[in-house]
Structure formats: structure tokens, C-alpha cells
Amino acid sequence: MLTTMKEMLTDARREGRAVGGFNIGNYETLLAVTRAAESLRQPVIVQLYSRLVDNGHAEPLAAAARALAERMSVPVAIHLDHGSSLEQVERAIAAGFTSVMLDASKLPFDENVALVRQAVELARKAGVSIESEIGHVPMGGSTMAVSQLEETVRFYEATRVDALAVSIGTAHGFYRETPKIDVELARKIGEAIPIPLVLHGGSGTPPEKIRAVIGCGIAKVNIATEFQFDYQQKLRARLNELGEKFAAVDLLEAPVVESSQKFIENEIRFLAGC
């Protein structure tokens, strides 16, 4: 069933669990995510990179995601990940996303607030959920800006977003060394803000740290790099297995999707505390 992210995350935070936000890039990764959720009867968030909005791939993928979600018995949200402009947010809403993120965390605080407030207005009118970020979770060598408690509270009160990504020591992509997750900061933010918190950079973060911050109000954990890498490895192995033999594309991909589904199932079980 198609739903907004706010509905499932509110329940998750109250129950002390988290929902996985899995970034897809094609129909096969979408199948792996949705089949895993249905198999376990657990909610899931299908996430699309913002670049897919720019290159025109978001609309057909969102349509496919909606068609699959409407046949499912568990809640599914379709989410724009790291939208960087109001135009991307508007296009995602028009494409049928049920949740959007506007990430203006690189901007000064007041500019971040002003832009996010405009995105909140767009989301509210459309009846979709809205996520934003305070502090800055780094990517590709950019500098981390850890979320500050007072500033985070001010940001929430000024924007009233539905979910808030906080920077507590994680980073996007694979880690070169073990990340230093500030569980105490997560606890303080969780006590000060009633909405679901989001952990970006879930790939490669030690499981015990993820479990600890889920208990502090983190209700959504993004998993992109690890999932994409796992899918690539399985696809590469499948192609090596076939060698020069012909296989119709759907038959070529079928075992890859099945194997990737198992990866997603393991992540969903862990986040749900199963």
C-alpha cells in the first residue's frame, strides 16, 4: 500500500525501531526492495537519487514503484533523496512521490531555514512528507558539520519538517576508518525534538552504533552505497557465470534480483529489531 513517510516513521519512532530507506537506480533494484518488504511484511522506503529527477529517469521509476506499492500489503513510501532545489521537489511531487527531501544543509542556517520552509509549504499542499538536514553529513571528501543541539531545535521549530536528518558522525559512501558515532548527541536531540530523526550514511556503520541511535529517536536509516555495491557484485558474478552464453535480459537479472532481495531482507530485519 502506498503511504507517506511520516505515517510509517511516526509509528517506528514510537515503537523503538527504524525503517530502511533504500536507494534504487533501476527496475531490478526496485524489485529487490519491494519484494523483500512484502516477504517480511515490513514497511519500506523506496528512495530515488535527485539526479534521477534531472536526467528524466525518476518519473518512470516512480510510476513503477507506485504500481508495485499499490499491489502490496505493507506500507511503501516513495522518497526523493537529497533534493537540492525547489524545482526538484516540485518535479518529484508531480511524478507521484509520497515524500521529498530538500537538503540545503550546505547553506548558512538562515538560508537553509528559508529554503526548507518553502519546500514544507509545497509538501503540505501536496499531502506528501518532507525531510531536511541540519549539520552536514559529508560526501566525497566534503567537510562534516556535526549537528549542534540548540541549532537543531531552532531549525525544527522554524521549519516544522516531518523528519530531520542529523549529522552525528556518519558519512555517505564507504568508510576509510571506523566512524565515531556520537550516541549521546543523538540522545539529546531525540529528547529535544519529537519528530522522527534520520541517519544518513548507514552503509558500513557498525551495527551496535545503529542499534544504539535507533533507541535515541532515529526512525529512518538510509542505505545506498552498500546496497548498490552488493547489487553490482552479484550482477558481475552472474555475467561471469554466463560467459559468452546468451540469456534474455529478464532471465539474466532474475537471480541477481533474488540475491539482492536477501540482502535487503537482512537489513530490514535488523532495523526492525526482528
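Summary of the structure given here. Keep in mind it's a predicted model, so treat the numbers as computed, not measured.

What counts, and at which threshold
Residues numbered from 1 in each chain as written. Predicted model: local features only at pLDDT ≥ 70, side-chain atom pairs only at ≥ 80, totals over all residues. Heavy atoms only, no water. 1 Å grid on protein atoms, 1.4 Å probe; cavity = no way out; pocket = protein on both sides within 12 Å on 5 of 7 lines; lining within 4 Å. Points joined across faces, edges and corners; volume = space filled by probe spheres on them. Helix = DSSP H or I, 4+ residues; strand = E, 2+ residues; numbered from the N terminus. Nonpolar A, V, L, I, M, F, W, Y, C, P; charged D, E, K, R; others polar. Phe/Tyr/Trp six-rings, centres within 6.5 Å; stacked < 30°, edge-to-face > 60°. Buried < 20%, exposed > 50% of the residue type's maximum accessible area, 1.4 Å probe, protein only. Polar contact = N/O pair within 3.5 Å; in protein donor to acceptor, adjacent residues only side chain to side chain. Pairing = 2+ DSSP bridges.

### Concerning empty space enclosed by the protein
Part 1 of the reasoning: Scanning all chains against the criterion turns up one cavity of 30 Å³ or more.
Part 2 of the reasoning: When its volume is computed, the largest cavity comes out at roughly 40 Å³.
Part 3 of the reasoning: Taken together, Arg-17, Ala-18, Val-19, Gly-20, Gln-42, Pro-43, Ile-268 and Ala-272 make up the lining of the largest cavity.
Part 4 of the reasoning: Those elements giving two or more residues to the lining of the largest cavity turn out to be strand S1 (19–24) and helix H11 (249–272).
Part 5 of the reasoning: Its residues assigned to classes, the lining of the largest cavity shows five nonpolar, two polar and one charged.

### A few points about the packing of aromatic side chains
Part 1 of the reasoning: Per the counting criterion, the structure on display carries three aromatic pairs.
Part 2 of the reasoning: Aromatic side chains Phe-109 and Phe-155 sit 6.2 Å apart centroid to centroid with 70 degrees between the ring planes, which places their arrangement in the edge-to-face category. Of this pair, Phe-109 sits in helix H6 (residues 109–126) while Phe-155 sits in helix H7 (residues 149–159), placing them 46 residues apart in sequence. We note that Phe-109, like Phe-155, is buried.

### Digging into the side chain of Lys-220
Part 1 of the reasoning: Of note, Lys-220 is situated in strand S8 (residues 218–223).
Part 2 of the reasoning: A polar contact is formed between the side chain of Lys-220 and the side chain of Gln-47, at a distance of 2.7 Å.

### Some points on the pairing of strand S3 (residues 76–83)
Part 1 of the reasoning: Within S3, eight of the eight residues are buried, which leaves it mostly tucked inside the rest of the structure.
Part 2 of the reasoning: Where strand S2 (residues 44–49) and S3 come together, six bridges link them in parallel fashion. Following the sheet pairing, Leu-48 is matched in S3 by Leu-80.
Part 3 of the reasoning: For S3 and strand S4 (residues 99–102), the ladder comprises three bridges, and the chain directions are parallel. In the sheet register, Leu-80 faces S4, and the bridge partner there is Val-100.

Geometry only, nothing functional implied.
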